[in-house]
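Structural characterization, general
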Amino acid sequence: QVQLVESGGGLVQAGGSLRLSCAASGSSFRINDMGWYRQAPGKQRELVAGITRGGHTDYGDSVKGRFTISRDNAKNTVSLQMNSLKPEDTAVYYCNDKAMIMSTLRSLEVWGQGTLVTVSA
């Protein structure tokens, strides 16, 4: 199996920055797509940013130009640099990986436990 551990959430003032990180661990797996989602109270979970194994990125409209996703394939990590944060960015942020178990070629989708980001006005 594959496990994800997130770090980097916290409280920040509007206009500030935070960096989220997510590390995947397990045995004999390959991470394909990686991404970050968020869920604010009373709202549906939404895509924040995604990145393919080859480095192609995709961003939600509300974060374009402010957030940057990156990954390290050798370390199986994905990071989200969040700049110019706004109160409406307040949410629980979840790491999401689409992986393959190499011994069985089984694909699976894995979620992190979530990390809270709070942006004060």
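From a predicted model like this one, the values you see are computed outputs, not experimental measurements. (Residues numbered from 1 in each chain as written. Predicted model: local features only at pLDDT ≥ 70, side-chain atom pairs only at ≥ 80, totals over all residues. Heavy atoms only, no water.)

1. Observations concerning the overall build of the protein chain
Along its length, the protein chain carries zero helices and eleven strands. Ordered by position in the sequence, the α and β elements of the protein chain form the string β-β-β-β-β-β-β-β-β-β-β. Over its C-alpha atoms the protein chain spans a radius of gyration of 14 Å, differing by no more than 12% from the 14 Å that the globule rule assigns to 121 residues. Taking the principal axes of its C-alpha atoms as reference, the protein chain extends roughly 50 × 25 × 20 Å. Taking all 121 residues of the protein chain together, the buried fraction comes to 40%. Where the 13 positive side-chain charges of the protein chain centre and where its 10 negative ones centre are 3 Å apart. (Helix = DSSP H or I, 4+ residues; strand = E, 2+ residues; numbered from the N terminus. Rg over C-alpha atoms; globule rule 2.2 N^0.38 Å. Buried < 20%, exposed > 50% of the residue type's maximum accessible area, 1.4 Å probe, protein only. Lys, Arg positive; Asp, Glu negative; His and termini not counted. Charge placed at Lys NZ, Arg CZ, Asp CG, Glu CD.)

2. Considerations on the side chain of R66
Tracing the sequence through the fold places R66 in the loop between β6 (57-59) and β7 (67-72). Classification of R66 as buried rests on a relative accessible area of 11%. Filtering out sequence-adjacent residues up to four positions away, R66 remains in contact with Q81, M82, N83, S84, L85, K86 and D89. (Contact = heavy atoms within 4.5 Å.)

3. Digging into the pattern of salt bridges
Tallied over the entire structure, the rule returns five salt bridges. E46 is paired through a salt bridge with R38; the nearest N and O atoms lie 2.7 Å apart. When its relative accessible area of 6% is taken as the criterion, R38 is described as buried. Where D89 meets R38, a salt bridge forms, and the shortest distance between an N and an O atom there is 2.9 Å. Placement of D89 in the loop between β8 (77-82) and β9 (91-101) and of R38 in strand β4 (residues 29-39) is noted, with a sequence separation of 51 residues between them. Each of the two residues, D89 as well as R38, counts as buried. Each of the salt bridges in this network shares a partner with another, and the network as a whole consists of R38, E46, R66 and D89. (Salt bridge = Lys/Arg side-chain N within 4 Å of Asp/Glu carboxyl O.)

4. Considerations on unusual backbone geometry
With the exception of glycine, most residues fall at negative phi, and the peptide bonds are largely trans. Positioned with a positive phi, N76 is a non-glycine residue whose angle comes to about 55 degrees. Relative to the elements of secondary structure, N76 occurs in the loop between β7 and β8. Notably, L105 is not glycine yet its phi reads approximately 60 degrees, a positive angle. In this structure, L105 sits in the loop between β9 and β10 (106-111).

5. Here we look at the sheet that holds strand β3 (residues 18-26)
Taken together, four strands build an open sheet; the order of strands is β1-β3-β8-β7 and the sheet is antiparallel. Single-partner strands in this sheet number two, and they are β1 (2-7) and β7. Strand after strand, the sheet turns through a mean of 15 degrees between neighbouring axes, direction not considered. For β1 and β3, the ladder comprises six bridges, and the chain directions are antiparallel. Across the sheet, residue V5 finds its bridge partner in β3, namely A23. (Pairing = 2+ DSSP bridges. Axes fitted to C-alpha atoms, helices over the stretch in contact; angles between N-to-C directions.)

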